[in-house]
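Structural description and commentary
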Amino acid sequence: MFSVLLTCLFLFRTAHITTVGVKRPDFSTAGTPVTIQVNSFATSVPNSIIHHYDVVISPSEKTLPARMTMDLIRRLQFDVAPQIFTPRCVYDGRKNIFSIHRLKFDTGSQEFDVTLADEAPSASGKGPKVYKIKLTHVAEINPEVLHRFIEGKGSHDNTVLTAITALNVVIRMQPSLSYPFNVRSFFTDRETKDIGSGLELWRGYFQSVRPGIGKMLINVDISTGTMYKKGPLLRLCLEFIGKNHPNALSPTHGLPDRERLRLQRFICGIRILTTHCGPDGQKHTTPRVLKKLSTAPADKLTFTMREGQSMTVADYFQRTQNKPLQFPHVICAEVGSGALIPLELCDVPPGQLMRKQVPPEKTKDVLDFATKKPLDRLQSIKNGLGVLAYGQSEYVRQFGMHVDNAAGPLKVQARVLKPPMLKYGPGSRQACITPRDGAWNMVDKKFFKPVAIERWAVVVYERQGRFNDQAAQDMIKGLCDSCYDVGIKMKSTPFIFWENGQGRIADQLKSAGATVAQKMGKGPQLIVVILPEGGNDIYTSVKHFGDITMGVATQCLKSSKCYRAKPQYYANVCLKINVKLGGINTIPDPSSVSVLTDPHNPTIVMGALVIHPAPGSDGRPSFTALVANVDSDTAKYIAASRVQTSRVEMIEELEAMSHHCLTMYMRYREVVEKKAAGTTAPKRMIFYRDGVSEGQFKQVLEQELPLIKKACASLKINPKITILVVGKRHHVRFFPMSERDADRSGNCKAGTVVDRDVAHPTEFDFYLQAHGGLLGTSRPAHYSVLYDENNFSADALQSLSFALCHVYARSTRSVSIPAPVYYADIVCSRAKNHYDPQGTVDFSDSATQVDEGQAASSLEAFRRGFKPLHQSQSTLMYFS
Ligand SMILES: *[C@@H]1O[C@H](CO)[C@@H](O)[C@H](O)[C@H]1NC(C)=O
């Protein structure tokens, strides 16, 4: 009764506001209540009007780095016009200044001349560069809109957005004057780790003002900054190329061109200080930006002096410094002005973020540094509050924001949902099991629908010396034993082939298949491939052969993993093999997930994703995937994938992809499940969209939803559609308050869900941590309900999303996002397998530096080269 009343009040209260997605229909109540902490801190909202100014800095031939624009505004406020800028304003480093009072301009705007503090007059006699900064009053923001919004009485409109932006700029202002930063984090050297190659990791703190239900919150998290190591540039360069003697940087002593280019890619853009004196006897005190490295060493590199004579860089420095260079054979740094400076005279100031991709061999170090158990992470976050120092920031105080540090991290009402029961096949000791802490095992269980394998082959790419016949026999025995345990029938012994990985993989596999066909009358259903260490290329070729050209299931195993492998290893392999051949490992027991597997409402669940090329890889396209179940138990999935224009966020070919998945769903229900004609169409469609940010929600509704509807219309079906966006790129983390509420990893238990406090004030959303903890702090997934023709309650959507986290075939653990979304991610990341390994499409790093015209033609090549899945695999979980 009481909760009905509350719900009514809630609905009444929100009746007139508009939302992008679905308005929250109700709060969920299922599961066991538990109080947890999250890494958010309550803050008060300013009470007086905030003035918003537009900032234009000229000349602005190119966008100045935020470090410089911040510096210019600092100069403006402190030195150029302190009388106008008291109390001081906050600046976002780009286009926006916010002030708590109206600036005293004669008109709506004013222009100021500002120079950078320590830019000394240059040798050419020109004075320091003058920047013109024009401020224009554009709006007054009444923070009352924020109060109304968090109380659920106002819409998420532009005023609210700008007000939230203003508060974010306020809290960032002080730290951005004191610490190195990137878009959202600040970094300190209080916690660092040297990872070699000229790099060190710094602890960073992320902060973001976010509206919660009834309160404004600051979400604080830790992050990791990869920094260039400070100190002599020469040492940094040597460390990067992994050499000790400076002459390793000398072309005369054999520095390969390739290595110099690699080094140049690594350090270009770095700011350096020069340790020598200029012609005027002065030291340069402002850092200069390194543009490139010279090809020639200092003693061979000549330039023309202003007086007209030419001399080598080495001679020049010998003359101006009165002593010879220590390493004249070493290459030089070229800075922005074109000046050439010997590496030995350059110094790297501390706190410079390396904004490029971390070398692959260092990613493990970065991961280790970033990984912290929940208790440690929460402590580190609390330490971060000291660094972010809201209490000491004049900006935070003068805007009237009070951050409640003392109250500590926000305590929120969470609930732990009951996991679905999972059903195994005949012959299992227990037909149904209930996962505990997000995990279960295969002991004494048979697959729900195991396959039978009549013909198979083993192809070994490891040298016979390392993986001999005995090793192969051991592997086969281990695999067969595990197959037997889970109910897979191995009806024959395999044919074994040793092949050379340097050869043509496709031909080798084809001939292995031909041998099987010759002896057994038909080709193999499965090829098990043993890969050597570093066999990635072989892997790609095997997958291309199996999934694309030939249509045969392939299972790759690393030779090192097979050596004395435990039964558990092969049990995991069986999980993949069974579904690749069309079997079903387990299904959620219909009685425990009635919303999902209600026979009166046949449901198709989809996972959709676009992945984009890494930053800087401009010639590469984006790839899309759509994965959907075909069975009534939402356990068996199929996939469609495409290549599309680079960095386009919406799935261009969603109509055709949806059409394919829906057709396959109906066909499976008709042919395999033998449903009566007229009952094969889905009545519900749950569409999970991954990889879109809040700003793109509208686009999903405006561009993707119509494509899905078109696909349905062309099939003359009319399922009720629900769209949820699943996101993991947020910084909300759950922390248990006591050991009793934690799993063995110290994380909140699998199934912990939150839709209050930190959830959205008006839109239908929730955070769900569906998986058991592993090494660090788990990341709950965030679900935003964008569209819902099914009128689902919060309880219904939470429980069905949680259930879908349990049907990921490859593991006996629940996963952090619904299985179809997880599969879509795998399908996208394997897009490379669709290209002929012998073909012309180039995935190597060297192929990524291209101009616009080249990018277009390279996209065309990527489109043409993308081969569709083999017909036979399109009904199978080849991606498992
Ligand atoms: C959902 O609610 C709307 C509005 O109340 C109603 O028109 C529609 O029929 C409902 N849909 C379902 C599937 O119950």
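Scoring rules and cut-offs
Residues numbered from 1 in each chain as written. Predicted model: local features only at pLDDT ≥ 70, side-chain atom pairs only at ≥ 80, totals over all residues. Heavy atoms only, no water. Helix = DSSP H or I, 4+ residues; strand = E, 2+ residues; numbered from the N terminus. Buried < 20%, exposed > 50% of the residue type's maximum accessible area, 1.4 Å probe, protein only. Polar contact = N/O pair within 3.5 Å; in protein donor to acceptor, adjacent residues only side chain to side chain. Contact = heavy atoms within 4.5 Å. Axes fitted to C-alpha atoms, helices over the stretch in contact; angles between N-to-C directions. Parallel < 35°, antiparallel > 145°, perpendicular 65-115°, else oblique. Left-handed = near helix turned anticlockwise from the far one by under 90°. Nonpolar A, V, L, I, M, F, W, Y, C, P; charged D, E, K, R; others polar. Pairing = 2+ DSSP bridges. Expected span 1.5 Å × (residues − 1).

So, on to the side chain of His 137. Note that His 137 resides in strand β7 (residues 131-141). On the accessibility criterion, His 137 (17% relative accessible area) is buried. Side chain to side chain, His 137 and His 51 meet in a polar contact 3.0 Å long. Setting aside chain neighbours within four positions, we find His 137 in contact with His 51, His 52, Tyr 53, Arg 102 and Gly 108.

What follows concerns the packing of helix α17 (residues 654-671) against helix α18 (residues 697-714). One way to put it is that α17 packs onto α18 with a least axis distance of 8 Å and a crossing angle of 45°. The orientation of α17 relative to α18 falls into the category oblique. Where α17 crosses over α18, the handedness of that crossing is right-handed. Across the interface between the two elements, Leu 654, Glu 655, Ser 658, His 659 and Leu 662 from α17 touch Glu 704, Leu 707, Ile 708, Lys 710, Ala 711, Cys 712 and Ser 714 from α18. In terms of residue class, the contact of α17 with α18 is built from six nonpolar, three polar and three charged.

Mapped onto the elements of the fold, Thr 752 is located in strand β36 (residues 752-754). Judged by relative accessible area, Thr 752 falls into the buried class, the value being 1%. A polar contact is formed between the side chain of Thr 752 and the backbone oxygen of Lys 749, at a distance of 2.5 Å. Ignoring any residue separated from it by four or fewer positions in sequence, one finds Thr 752 in contact with Ile 36, Ala 414, Arg 415, Val 416, Phe 734, Tyr 767, Leu 768 and Gln 769.

What follows concerns the sheet that holds strand β17 (residues 340-342). The strand order across the open sheet built from six strands is β11-β18-β12-β13-β16-β17, with neighbouring strands paired in antiparallel fashion. Bordering the open sheet on either side are β11 (231-232) and β17, each of which pairs with just one other strand. Note: strand β16 (residues 331-335) against β17, three bridges, orientation antiparallel. Pairing of Ala 333 across the sheet is with Ile 341, part of β17. This element, helix α6 (residues 257-267), spans β13 (288-297) and β16 of the sheet and lies at about 175° to β13. Each of β16 and β17 touches helix α7 (residues 313-321); the most contacted strand, β17, lies at about 70° to it.

Between its first and last C-alpha atoms helix α15 (residues 567-580) spans 20 Å; for 14 residues at 1.5 Å apiece the expected length is 20 Å, and the two agree. Listing the buried residues of α15 in full gives Tyr 570, Ala 571, Val 573, Cys 574, Leu 575, Ile 577, Asn 578, Val 579 and Lys 580. The inward-facing, buried residues of α15 abut β23 (452-453), α11 (469-486), β27 (526-531), α13 (536-550), β28 (553-558) and α14 (559-562). Gly 582 lies just past α15 and shows a positive phi near 105°.

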